[in-house]
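A structural walkthrough
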Amino acid sequence: MSWPKTLTCLLCFAFLAACTPTEPDADGDGLSDADEATVGSDPNNADTDGDGLSDGDEVWEHSTNPLESDTDGDGYDDSLELENGFDPNDDDSGFYTGHWPYNPDKDDIDGVSMSSIANEGDVIGRLVGVDQFGDEVDLYDFGGQGKPIIIDVSAQWCPPCMNTAEWLAGGNDVYNLSASYPGFVDAVADGDIYWVTIMEQNNSGAPATQQTSEEWDDDYPNEKVPVIADPEMNGMMDHLDQGGFPNFHAVNSDLEIEYLNMRNATQLDFEALAVAMELAGL
Ligand SMILES: [Ca+2]
Ligand SMILES: [Ca+2]
Ligand SMILES: [Ca+2]
Ligand SMILES: [Ca+2]
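As the structure is a prediction and not an experimental result, all values here were calculated from the model. (Residues numbered from 1 in each chain as written. Chains lettered and ligands numbered in written order. Predicted model: local features only at pLDDT ≥ 70, side-chain atom pairs only at ≥ 80, totals over all residues. Heavy atoms only, no water.)

A word on the coordination of the calcium ion (ligand 2). Protein coordination at the calcium ion (ligand 2) comes from Asp 47 (OD), Asp 49 (OD), Asp 51 (OD), Leu 53 (O) and Glu 58 (OE), with a distance range of 2.1 to 2.3 Å. In primary-sequence terms, the residues that donate to the calcium ion (ligand 2) follow D-x1-D-x1-D-x1-L-x4-E. Between the two metal centres, the calcium ion (ligand 2) and the calcium ion (ligand 3), the spacing is 4.2 Å, with Asp 49 acting as a shared donor. (Donors = N, O, S within 2.8 Å, 3.2 Å for Na, K, Ca; no water.)

Turning our attention to a negative patch on the surface. On the surface, a cluster of negative charge is made up of Glu 120, Asp 254, Glu 256 and Glu 258. Tracing the backbone through its elements, the reader meets Glu 256 in the loop between β6 (247-251) and β7 (257-259). Residue class for Glu 256 comes out partly exposed when judged on its relative accessible area of 30%. (Patch = residues over 30% accessible without salt bridge, like charges linked within 9 Å, V, L, I, M, F, W, Y side chains within 5 Å. Areas by Shrake-Rupley, 256 points an atom, 1.4 Å probe, with all protein chains shown as cover. Salt bridge = Lys/Arg side-chain N within 4 Å of Asp/Glu carboxyl O. Lys, Arg positive; Asp, Glu negative; His and termini not counted. Charge placed at Lys NZ, Arg CZ, Asp CG, Glu CD. Helix = DSSP H or I, 4+ residues; strand = E, 2+ residues; numbered from the N terminus. Buried < 20%, exposed > 50% of the residue type's maximum accessible area, 1.4 Å probe, protein only.)

Okay, the domain arrangement of the protein next. Here the domain parsing of the protein yields domain 1 (3-83) and domain 2 (106-279). Between the C-alpha centres of domain 1 and domain 2 there is a distance of 39 Å. (Domains from an automatic or database assignment.)

This paragraph deals with the nonpolar core. Judged by nonpolar contacts, the single largest core of 39 residues is most densely connected at Ile 124, Ile 149, Ile 151, Met 236 and Leu 240. Of all the secondary structure elements, the ones that give two or more residues to this core are β3 (149-154), α5 (159-168), β4 (194-199), β5 (227-229) and α9 (235-239). Residue contributions to this core peak at four residues, all from β4. Each residue touching Met 236, except ones within four places of it in the same chain, is listed here: Met 114, Ile 124, Gly 125, Leu 127, Leu 139, Val 153, Ile 198, Glu 200 and Asp 230. In this structure, Phe 184, Phe 248, Ala 250 and Ala 276 belong to the second largest nonpolar core, which totals 20 residues. (Core = buried A, V, L, I, M, F, W, Y, C linked by side-chain atoms within 4.5 Å. Contact = heavy atoms within 4.5 Å.)

Across all of its chains, the model carries 13 aromatic pairs by this definition. Relative to Phe 245, the ring of Trp 157 lies with its centre 5.8 Å away and its plane at 85 degrees, an arrangement referred to as edge-to-face. Of this pair, Trp 157 sits in the loop between β3 and α5 while Phe 245 sits in the loop between α9 and β6, placing them 88 residues apart in sequence. By relative accessible area, which is 37% here, Trp 157 ends up partly exposed. Each member of the aromatic cluster is reached from another via a ring pair, and the members are Trp 167, Tyr 175, Phe 184, Trp 195, Phe 248 and Phe 270. (Phe/Tyr/Trp six-rings, centres within 6.5 Å; stacked < 30°, edge-to-face > 60°.)

Here we come to the environment of Gly 146. Mapped onto the elements of the fold, Gly 146 is located in the loop between β2 (136-138) and β3. Of the residues examined, Gly 146 reaches a relative accessible area of 59% and is grouped as exposed. Linking Gly 146 and Trp 60, residues 86 residues apart in sequence, is a C-alpha distance of 32 Å.

Okay, here's the thing in C-alpha cells:
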C-alpha cells in the first residue's frame, strides 16, 4: 500500500541527485531551499513531518519521505524504526506483524500486579501473551497513544464471545450493537479506539495458546484486533474479578480502568463500549 509513495520518493531523489547541494539552505537541514521546493517540504522547518529526522537526512541518508512521519505506512514512525533496527521503507519490517502500536515508554507505566484484583481507576496489569501471528504482544504498547482501549476477555468455546467477535468482524449483529453504539465499528477500523481480545481458554476449556489466537482470528478476522492468548489461563479474568465470558472493560490512554464490566454479571454488559466512545470524543 505504501509502495507508490516510496516510488514517488525515489523518483524525486533521482532528480535531486543531479542538483548541487551548495545552494541556500534557510533551515540548515542539509536540503537546499530549491530542493525543498521540489520535494514540497518546508524550507523553514528542518523536520517538516515532525518525525525526529531532518528533511536532509530523510532524503540523502535514509531515502525516507520527509513529508510523511511513517513512510511505509506500517504504523511506526521513521525515526522509531531506525532507532530499533527496522527498515522504515518496508512495511513488513516493524515491531509487530499485526502493526499493533508500540509504546517506547511502556516500562515507565506503573500498573497493578496481574496477580492482584484491579478496580476502576487502577492502571491495569501488564499482560504479555502471544497473538494470532505468533508475536509476543505487550498490552502496555497500547498505552500512551491517545486512544481508549476495550479489553475483551473471551473464551473460544463461548457463544456470546463468538457473537460479539462476529459483529466486530463485519458479520451478524446478534445483539444489535451497531444500533446501540453507532459508529463503534468504524471507530475501531479507523484506529480511534483499540480493541484487544484476550483469549483465556480454547474450545476444550484448556488454556488458550497461539493456535487458539490464530483460529479465533481466522473465524472472526479484523485486521485491527489483536487476539492475545493469556499466558496464564484466566489470568486477566481473575485480575478483573470476573465470573463469566465475555467481559468488556474500557481503559484510557494511560491504561487506567475507566469502566469495569459488571462483576458476577448474569447478563452481557457492553457499557464499556459507550465509555470508550466518550473517551474517544465520539
Ligand atoms: Ca532546508
Ligand atoms: Ca522528518
Ligand atoms: Ca519521514
Ligand atoms: Ca514506518
